[in-house]
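# Overview (structure and organization)
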Amino acid sequence: MTDIETRVRRLEDRAELQDLAVRYFLASDFDDFDAIADAFAPEGTFSAGGFPGATGGSGIADMIRQARTAFGTTIHTPHYVLVEFVDDDHATGLVGAHLEIATGGTTVFGAVRYEDEYIRVDGRWRFASRNMRTVHVGPWDDVASSLTTELPVRWPGADAAPSDYPVNA
């Protein structure tokens with residue numbers, strides 16, 4: 001068994017990582033690009049299906065700023081943050097979330113999972129990498145059947161595509 005200080009530190013780290021995920025979502029919803037940039041380590045990376053990747057906090061914030069030009073209101077709702085510690089300054093995580101996004105004259109709804117790597121930089125946890133993977137997404141009218149099709153990724157104006165996490169149709 002580990003000592004009490006180590007156990008308390010891991011609980012504090014886990015809480016800080018959960019807060020990091022929520023703060024990132026809030027910054028995305030409210031176009032706080034400085035907070036987005038600050039959430040990433042200097043060499044941090046971001047990637048997502050359908051979007052080009054970027055490196056470094058300012059590069060990632062610029063990429064998200066550009067993507068946001070196609071969106072109106074967004075709502076990112078995290079549901080869970082699963083964290084596994086590699087060592088005292090490195091961890092991996094899986095963040096499950098739902099998205100609601102105004103785009104293409106409609107509202108889309110979707111489920112995603114962020115495959116994260118975290119690193120402690122200057123005493124604070126930041127994203128070393130963040131990879132958004134889509135379970136399903138599409139206009140509200142398509143949500144009723146989105147998990148029963150082989151092509152559940154349905155962005156307005158784009159061809160339907162398979163999920164990053166195939167489902168049983």
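Residues numbered from 1 in each chain as written. Predicted model: local features only at pLDDT ≥ 70, side-chain atom pairs only at ≥ 80, totals over all residues. Heavy atoms only, no water.

What follows covers the confidence of the model for the protein. Per-residue pLDDT for the protein has a mean of 93; in total, 95% of the residues score no lower than 70. Within the protein, helix α2 (residues 33–38) carries the highest mean pLDDT (98), whereas strand β2 (residues 51–55) carries the lowest (83). (pLDDT = per-residue confidence, 0-100. Helix = DSSP H or I, 4+ residues; strand = E, 2+ residues; numbered from the N terminus.)

If you walk through the whole model with that rule in mind, you get 12 aromatic pairs. Here the aromatic rings of tyrosine 24 and tyrosine 114 are separated by 6.3 Å at their centres, their planes lie at 70°, and the arrangement is edge-to-face. In this pair, tyrosine 24 sits in helix α1 (residues 4–29) while tyrosine 114 sits in strand β5 (residues 106–121), placing the two residues 90 residues apart along the sequence. Judged by relative accessible area, tyrosine 24 falls into the buried class, the value being 4%. (Phe/Tyr/Trp six-rings, centres within 6.5 Å; stacked < 30°, edge-to-face > 60°. Buried < 20%, exposed > 50% of the residue type's maximum accessible area, 1.4 Å probe, protein only.)

Position of aspartate 116 among the secondary structure elements: in strand β5. Not counting residues up to four positions away in its chain, the partners in contact with aspartate 116 are Ala91, Thr92, Gly93, Val95, Phe127, Ser129, Arg130 and Asn131. (Contact = heavy atoms within 4.5 Å.)

Glancing now at unusual backbone geometry. We note that aspartate 31 has phi near 55°; this positive angle belongs to a residue other than glycine. Within the element layout of this structure, aspartate 31 appears in the loop between α1 and α2. For aspartate 31, a relative accessible area of 36% gives the class partly exposed. The backbone of aspartate 122 shows a phi angle near 50°, a positive value even though the residue is not glycine. Its location among the elements puts aspartate 122 in the loop between β5 and β6 (124–139).

This next bit is on the pairing of β6. Taking burial as the measure, the 16 residues of β6 include 12 buried ones, the bulk of the element. In terms of strand pairing, β5 meets β6 through 14 bridges, oriented antiparallel. In the sheet register, tyrosine 114 faces β6, and the bridge partner there is methionine 132. Between β5 and the antiparallel strand that follows it, β6, lie 2 residues; aspartate 122 among them carries a positive phi value of about 50°. (Pairing = 2+ DSSP bridges.)

On the surface, Val22, Leu26 and Phe30 cluster together to form a nonpolar patch covering roughly 310 Å² of accessible area. Taking the relative accessible area as the measure of exposure, leucine 26 reaches 44% and is therefore partly exposed. (Patch = residues over 30% accessible without salt bridge, like charges linked within 9 Å, V, L, I, M, F, W, Y side chains within 5 Å. Areas by Shrake-Rupley, 256 points an atom, 1.4 Å probe, with all protein chains shown as cover. Salt bridge = Lys/Arg side-chain N within 4 Å of Asp/Glu carboxyl O.)

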